[in-house]
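Close look at the chain arrangement
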Amino acid sequence: MSNWLLMRKRLRTAWRIARRQSPLALVRVLVGRFLLPTISSWTQPLWLARLRKTACSGSCERRTVLILATCDYHFPYRQRCQHLAGAMAALGHTVFYGTPLTGYDFVVGFQRASEKLYVMDRRLPWRDLLPEGAIILMMSTDNNIDVDFLDEAKGFNCLLIYDYIDHIDPRISLVPIPESHLDAHAELLRNEEVRAVCVAPILLQEVAAYRTKNLMLVPNGVDVSHYEVSRHREFLRGKMREIVDCGRQIVGYFGALASWVDYQLVHTVARSRPNLSFVLVGPEFDGSLADWRRSKMQLPDNLFFIPPVNYEELPLTAIWFDVAMIPFVVNEITAATSPLKLYEYFALGKPVVSTPIPDCAGYPDVVLVAEDADRFAAAVDRALVWRTDEERRARLRRYALQNDWMTRACAILRSIDER
């Protein structure tokens with residue numbers, strides 16, 4: 001990329017951050033991406049040897065894992081890379097979380113997040129850090145992974161895991177996908193020396209067209225204990241407290257408010273069920289909600305969009321849902337997804353109503369699937385009856401425990417050992 005194109009891309013990104021978030025958010029990003037890495041490079045002799053000693057101090061039964069993350073470790077809406085890092089560290093492996101420094105992590109050199117988990121700038125010299133046989137986990141949504149990086153990794157005695165977590169699409173990345181990443185993606189699908197981990201069956205089928213070994217299905221999961229909470233009104237904030245005080249039963253969603261959410265479906269269902277409150281909690285991801293709202297004269301009185309709640313407080317809000325929903329548009333993006341929220345809803349003990357998303361179809365005893373607004377509304381009515389069924393609540397908990405993040409991390413690492 002030419003210097004001019006790179007500068008234009010950075011200016012466009014800066015403008016988007018300042019407009020959608022705040023000028024302060026832009027300052028945080030600039031500090032994280034430019035100032036802190038510069039200080040880290042100046043102070044590298046002071047901390048690199050200590051970090052290298054940590055990486056080499058584990059027993060032969062424990063691994064050293066570098067996760068090249070696509071979000072900061074302290075990003076308030078917990079993603080797959082954060083969950084896997086925490087689970088692998090809890091299993092006793094030494095984990096280096098390579099943060100992209102997008103404004104939530106402030107790291108000079110490295111920062112210890114737990115006994116076995118270290119947050120570090122992902123641009124630091126990992127070849128000087130990792131011992132032989134270390135694992136490098138890459139995410140398919142990481143546009144910084146290119147063929148040059150793969151060539152560098154091949155020259156180093158490490159094990160590569162390619163975490164194929166989403167359909168490759170600019171609607172997810174919010175920027176055009178670089179050709180260099182598409183080339184690397186194609187090579188990673190073909191290269192049987194790389195362990196391909198797929199979150200959805202359709203992605204597994206895609207990889208299976210290129211190879212016959214070193215591929216596996218590992219959907220998203222849940223930290224069950226995090227969602228084991230009770231209802232406490234004093235923890236409610238702002239609009240959510242007003243909604244609860246109205247006394248209507250709540251049909252809720254949490255997650256990104258993005259183009260794959262079927263706002264019109266929820267709008268229609270809310271109008272048909274004025275005795276219920278419909279609540280969507282989350283950050284506006286791509287401007288699609290604002291575009292849709294401009295097309296509406298007025299929202300029904302029982303439809304609410306709530307600002308995002310950070311991961312630590314999310315269970316205290318979502319526990320007030322009577323029924324949880326996944327109202328996704330059905331397309332190539334959602335067909336290839338494993339909704340984190342599905343398993344989190346299970347851990348909260350909430351029956352689920354969803355559009356026909358493949359990952360949701362495997363739990364017909366606790367998830368009702370509906371194709372249109374009329375069927376969705378009827379499914380909500382049925383789920384409200386389910387919510388008091390103790391047998392179904394026991395099944396929800398069992399499914400949550402079966403899909404715990406520790407189980408997911410064990411499966412990935414065990415596949416490396418078996419190899």
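Residues numbered from 1 in each chain as written. Predicted model: local features only at pLDDT ≥ 70, side-chain atom pairs only at ≥ 80, totals over all residues. Heavy atoms only, no water.

On a plain count of helices and strands, the chain comes out with 16 helices and 14 strands. Looking at the chain as a whole, 53% of its 419 residues qualify as buried. Taking as baseline every contact in the chain between residues at least 6 positions apart, the subset at least 24 positions apart corresponds to 72%. Of the roughly 19,100 Å² of accessible surface on the chain, 53% is carried by carbon and sulfur atoms. (Helix = DSSP H or I, 4+ residues; strand = E, 2+ residues; numbered from the N terminus. Buried < 20%, exposed > 50% of the residue type's maximum accessible area, 1.4 Å probe, protein only. Contact = heavy atoms within 4.5 Å. Areas by Shrake-Rupley, 256 points an atom, 1.4 Å probe, with all protein chains shown as cover.)

A separate point is the packing of helix α9 (residues 263-272) against helix α14 (residues 373-386). For the pair α9 and α14, interaxial distance at closest approach is 9 Å and the crossing angle is 55°. Relative to α14, the element α9 is oriented oblique. For the crossing formed where α9 meets α14, the hand is right-handed. Residues Leu265, Thr268, Val269 and Ser272 of α9 form the contact with α14, whose own contacting residues are Ala373, Phe376 and Ala377. Of the residues belonging to the contact of α9 with α14, the class tally is five nonpolar, two polar and no charged. (Axes fitted to C-alpha atoms, helices over the stretch in contact; angles between N-to-C directions. Parallel < 35°, antiparallel > 145°, perpendicular 65-115°, else oblique. Left-handed = near helix turned anticlockwise from the far one by under 90°. Nonpolar A, V, L, I, M, F, W, Y, C, P; charged D, E, K, R; others polar.)

Within strand β6 (residues 159-164), five of the six residues are buried, which leaves it mostly tucked inside the rest of the structure. Bridge count for strand β5 (residues 135-139) against β6 is five bridges, and the pairing is parallel. Bridge pairing links methionine 139 to aspartate 163 in β6. Read as a crossover between parallel neighbours, the route from β5 over helix α4 (residues 147-154) to β6 is right-handed. The sheet contact formed by β6 and strand β7 (residues 195-198) spans four bridges and is parallel. Residue pairing in the sheet places tyrosine 164 in a bridge with cysteine 198 of β7. (Pairing = 2+ DSSP bridges. Right-handed = clockwise from strand over helix to strand, strands pointing away.)

A complete count under the given rule lists 19 aromatic pairs for this structure. Here the aromatic residues Tyr343, Phe346, Tyr363 and Tyr399 are joined through ring pairs into a cluster of three or more. (Phe/Tyr/Trp six-rings, centres within 6.5 Å; stacked < 30°, edge-to-face > 60°.)

Let us look at the side chain of aspartate 286. Inspection of the secondary structure puts aspartate 286 in the loop between β10 (276-281) and α10 (288-294). A polar side-chain atom of aspartate 286 sits 2.9 Å from the main-chain amide nitrogen of serine 259. At 2.7 Å, the side chain of aspartate 286 and the side chain of serine 288 are in polar contact. (Polar contact = N/O pair within 3.5 Å; in protein donor to acceptor, adjacent residues only side chain to side chain.)

A word on the sheet that holds β7. A sheet is described by the order of its strands in space; here eight strands give the open sequence β3-β4-β2-β1-β5-β6-β7-β8, paired in mixed fashion. Each having just a single partner strand, β3 (110-112) and β8 (215-217) make up the two edges of the open sheet. For this sheet the average axis-to-axis angle between neighbouring strands, irrespective of direction, equals 20°. Against the sheet, helix α3 (residues 80-90) contacts β1 (64-68), β2 (94-99), β4 (117-121), β5, β6 and β7, and its axis sits at roughly 160° relative to β2. Most of the contacts of helix α7 (residues 201-208) go to β8, to which it runs at about 170°, and overall it touches β6, β7 and β8.

With that settled, the discussion passes to the environment of valine 199. Note that valine 199 resides in the loop between β7 and α7. In this structure valine 199 comes out as buried when scored by relative accessible area, which is 1%. Put simply, valine 199 and leucine 217 are 18 residues apart on the chain and 5.8 Å apart in space, counted from C-alpha to C-alpha. If sequence neighbours within four positions are ignored, valine 199 has contacts with Arg80, Tyr164, Ile165, Leu217, Val218, Pro219, Ala336 and Ser338.

Within the largest apolar cluster, 72 residues are counted, with the highest numbers of intra-cluster contacts made by Met240, Phe278, Leu280, Leu303, Phe305, Leu342 and Phe346. The element contributing the most residues to this core is α14, with eight residues. In this structure methionine 240 touches Ile250, Val279, Ile306, Thr317, Trp320 and Phe321, once residues within four positions along its chain are discounted. By size, the runner-up hydrophobic cluster in this structure holds 67 residues, among which are Val107, Tyr164, Ala200 and Ile416. (Core = buried A, V, L, I, M, F, W, Y, C linked by side-chain atoms within 4.5 Å.)

Taken in spatial order, the six strands line up as β11-β10-β9-β12-β13-β14 in an open sheet, and their pairing is parallel. The strands lining the two open edges of the sheet, one partner per strand, are β11 (303-306) and β14 (367-369). Across the sheet, the mean angle separating the axes of adjacent strands is 25° when strand polarity is ignored. Looking at chain direction, strand β12 (residues 323-326) and strand β13 (residues 352-354) are connected through three bridges and run parallel. If you follow alanine 324 over to β13, its bridge partner there is valine 352. On top of the sheet, helix α8 (residues 238-246) reaches β9 (249-254), β10 and β11; it is set at about 150° to β11, its chief contact. Sitting on the sheet, helix α13 (residues 340-348) is in contact with β9, β12, β13 and β14, with an inclination near 140° to β9.

So, about helix α15 (residues 390-402). Over its 13 residues, α15 extends 18 Å from the first C-alpha to the last, a length consistent with the 18 Å expected when each residue adds 1.5 Å. Within α15 the residues assigned to the buried category are Arg392, Arg395, Leu396, Tyr399 and Ala400. Looking straight down α15, one finds that the buried residues subtend no more than 140° of arc, so they occupy a single side. Between a side-chain oxygen at the N-terminus of α15 and the backbone nitrogen of glutamate 391 the separation is 2.9 Å; the capping residue is aspartate 389. (Expected span 1.5 Å × (residues − 1). Arc of directions from axis to C-beta.)

Any functional reading would require information that these geometric values do not contain.
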